[in-house]
Amino acid sequence: MNRNAGRNLNHIAFISTLGGLLFGVDTGVINGAIGYMATPAELNLSPNNEGLVTSGITLGAAFGAVFAGHLSDRIGRKRLLKYLALLFFICTLACSLAPNALFMIISRVLLGLAVGGASVIVPTYLSEISTPEIRGRLVTQNELMIVTGQLLAFIVNAILGNWFGHISNIWRYMIGFGMIPAVALFFGMMVVPESPRWLVMVNQLDNAFDSLRKIRSHPETCNEEITQIQDTLNQESEIKQATFKDLSTPWIRRLVFIGIGLGVMQQFIGINIMMYYGTTILTNSGFAHNAALIANIGNGLVSVIATFIGMSIMNRVNRRSMLIAGIIGTTTSLILIVGVSAFLSQSPLLPILVVLCTMMFLGFFQGFISPLVWLLLSEIFPQNLRGLGMGVSTFFLWFANFLVGYFFPILLSAVGMTWTFLIFVFFNILSFIFAYKYAPETRGKSLELIQMEFKYGDTTGINPEDK
């Protein structure tokens, strides 16, 4: 019996989810850095360039997510994560040294390739090294590491901004902080095993056995597990994978449409105006810049706590009800921000009320919406449709993320905070309608039953015309 197996698995999970931490750090750090780099003495960013610098990382992530899965099948999960760590380091260094806006935008897009790749490969690697009993905990640990990375970025921003804010190029050190977890991920991946499933897939059975032996409490079951993996791979090879031609089939087209809709809905609700522009929103509400950096830590804390709570209750509450409740909560939060910014613009209470409303928004989104959308996307696609469905849905999710990040500073400059948030209230209402009409209920159902319900028209929101 291997008494260290559980400890080894936890160590491996922690090291690999440094990819999620980097995801969070590199998307969250811009929140505090953008105000410094946008000044005329630094990169002199227009609202258009500010949007491109902020959201360029998500444009790159859209393409990184699409290509990462296929690339990892060729070279392995472990090797790709090492390469992604190098890409994180090099592109973060390039961002911190950027001499002008164009160089920064290009570097952020390239950094996005690493972010998108990590968003796909880390959960894949975790699912392949874990046992069924702990798979849910290990995979969702990545989501927790993402918001922890964003919180860490907010804390570093606040410390550097308050202690060294008089240094105009302090933003370079804020961004450069991301190189530290990149180094940790690179060296950490040298000591973790390759995915046993990938090793079996490329017929390296002895290596697969050695990899499993380190992470299984009962090594005598390793040969049996390898046999099960081989059987599963053989079954998968016999399944005809869906292609874009299959979108002519009504139920497949409808299912891919729902996947795209869930991804776009998650982003148009407006989470990343809070995560990317939280400091900007707070300074527009009346906070001094240094105070806004500190207040933003509260947003990060709420995100971490809400994610932890959401992960703990999602298996006890109906998915659909939880998702709809979350959208009602985010819509209400944005309506309150519109109200206080419109009617209390001269009140000294405005900054405090805006902070409370953003915390309320983040609590509902991170606890009720974000983990559920990713869970639903992992559940609704059958085996032969998973590659097409997840690839297309994830691409549109990241592209919607890009659009939100790009247009927010332009809208804020053109129409002000009240009208900008009113636009996102409208998007939240559309998201509610979509979720109410199309979001399926998957709790307590096998993946096979979910597939049959979609195919024959019994799932909530799916008409029986495709039966």
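Residues numbered from 1 in each chain as written. Predicted model: local features only at pLDDT ≥ 70, side-chain atom pairs only at ≥ 80, totals over all residues. Heavy atoms only, no water.

### Brief notes about a nonpolar patch on the surface
Reasoning step 1: A surface patch of nonpolar side chains, amounting to about 940 Å² of accessible area, comprises Tyr83, Leu86, Phe89, Ile90, Leu93, Leu97, Val183, Phe187, Met190 and Val191.
Reasoning step 2: Of all the secondary-structure elements, those providing two or more residues to the nonpolar patch are α5 (77–96) and α9 (179–188).
Reasoning step 3: When residues in the nonpolar patch are grouped by element, the largest group, five residues, is from α5.
Reasoning step 4: Structurally, Leu86 is set in helix α5. (Patch = residues over 30% accessible without salt bridge, like charges linked within 9 Å, V, L, I, M, F, W, Y side chains within 5 Å. Areas by Shrake-Rupley, 256 points an atom, 1.4 Å probe, with all protein chains shown as cover. Salt bridge = Lys/Arg side-chain N within 4 Å of Asp/Glu carboxyl O. Helix = DSSP H or I, 4+ residues; strand = E, 2+ residues; numbered from the N terminus.)

### Quick word on the pattern of salt bridges
Reasoning step 1: This structure, assessed with the given rule, holds four salt bridges.
Reasoning step 2: Between Glu128 and Arg77 there is a salt bridge, and its shortest N-O distance comes to 2.8 Å. Remark: Arg77 occurs in helix α5 and Glu128 occurs in helix α6 (residues 101–129); sequence separation between them is 51 residues. When sorted by exposure, Glu128 lands in the same class as Arg77, which is buried.
Reasoning step 3: For Glu225, the salt bridge is made with Arg216, and the minimal N-O distance between the two is 2.9 Å. Of the two residues, Glu225 and Arg216, neither departs from the other in class, the shared state being buried.
Reasoning step 4: Each of Asp73, Arg77 and Glu128 takes part in a single network of salt bridges with overlapping partners. (Buried < 20%, exposed > 50% of the residue type's maximum accessible area, 1.4 Å probe, protein only.)

### A few points about the confidence of the model for the protein
Reasoning step 1: When pLDDT is averaged along the protein, the result is 85; 91% of the residues meet or exceed 70.
Reasoning step 2: Considering only residues more than four positions removed or in separate chains, one finds that residues 459–467, a stretch of pLDDT under 50, has 26 contacts. (pLDDT = per-residue confidence, 0-100. Contact = heavy atoms within 4.5 Å.)

### Overview of the side chain of Thr394
Reasoning step 1: In this fold, Thr394 is placed in helix α18 (residues 383–438).
Reasoning step 2: With near-sequence residues (within four places) excluded, Thr394 lies in contact with Ala65 and Trp374.

### Observations regarding the packing of aromatic side chains
Reasoning step 1: Counted by the stated rule, this structure contains 19 aromatic pairs.
Reasoning step 2: Taking 6.2 Å as the distance between ring centres and 5 degrees as the angle between the ring planes, the aromatic pair formed by Phe395 and Phe399 counts as stacked. With a gap of four residues between them, Phe395 and Phe399 both fall in helix α18, about one helical turn apart.
Reasoning step 3: You can call Phe399 partly exposed: its relative accessible area is 31%.
Reasoning step 4: By the ring-pair criterion, three or more aromatic residues cluster together here, those being Phe63, Phe395, Phe396, Phe399, Phe402, Tyr406 and Phe407.
Reasoning step 5: Across from the ring centre of Tyr436, 5.4 Å away, lies the NZ or CZ of Arg320, which sits over that ring. (Phe/Tyr/Trp six-rings, centres within 6.5 Å; stacked < 30°, edge-to-face > 60°. Lys NZ or Arg CZ within 6 Å of the ring centre and 35° of its normal.)

### Remarks on the environment of Val404
Reasoning step 1: Along the chain, the position of Val404 falls in helix α18.
Reasoning step 2: Looking at Val404, the relative accessible area reads 5%, which means it is buried.
Reasoning step 3: Linking Val404 and Gln267, residues 137 residues apart in sequence, is a C-alpha distance of 7.3 Å.
Reasoning step 4: Apart from the residues within four sequence positions on either side, Val404 is in contact with Gln267, Phe268, Ile273 and Phe424.

### A look at the environment of Met37
Reasoning step 1: Mapped onto the elements, Met37 comes out in helix α3 (residues 30–37).
Reasoning step 2: Sequence separation of Met37 and Asn169 is 132 residues, and the distance between their C-alpha atoms is 7.1 Å.
Reasoning step 3: Those residues in contact with Met37 that sit more than four places away from it in its chain are Ile30, Glu42, Leu43, Asn44, Leu45, Val53, Met104, Trp171 and Ile175.

### Let's talk about the nonpolar core
Reasoning step 1: Counting residues in hydrophobic clusters, the biggest one holds 129 residues, and the most contacted among them are Met37, Met104, Leu262, Met265, Met274, Leu323 and Phe421.
Reasoning step 2: Counting residues in each nonpolar core, the second largest holds nine residues, with Trp198, Val200, Ile226 and Ile229 among its members. (Core = buried A, V, L, I, M, F, W, Y, C linked by side-chain atoms within 4.5 Å.)

### A look at the environment of Gly161
Reasoning step 1: Tracing the chain through its elements places Gly161 in helix α7 (residues 135–164).
Reasoning step 2: Looking at Gly161, the relative accessible area reads 0%, which means it is buried.
Reasoning step 3: Sequence separation between Gly161 and Leu293 is 132 residues, and the spatial gap between their C-alpha atoms is 7.3 Å.
Reasoning step 4: With residues near it in sequence (within four places) discarded, Gly161 still touches Tyr36, Met174, Asn290 and Leu293.

### Concerning α9
Reasoning step 1: Here α9 has its buried residues at Met179, Pro181, Ala182, Leu185, Phe186 and Gly188.
Reasoning step 2: Lining the buried residues of α9 we find α1 (5–16), α2 (18–28), α5 and α8 (170–176).

### Comments concerning unusual backbone geometry
What you tend to see is this: most non-glycine residues have negative phi, and most peptide bonds are trans.
Reasoning step 1: Even without being glycine, Asn44 reaches a positive phi, approximately 50 degrees.
Reasoning step 2: Its place among the elements puts Asn44 in the loop between α3 and α4 (47–75).

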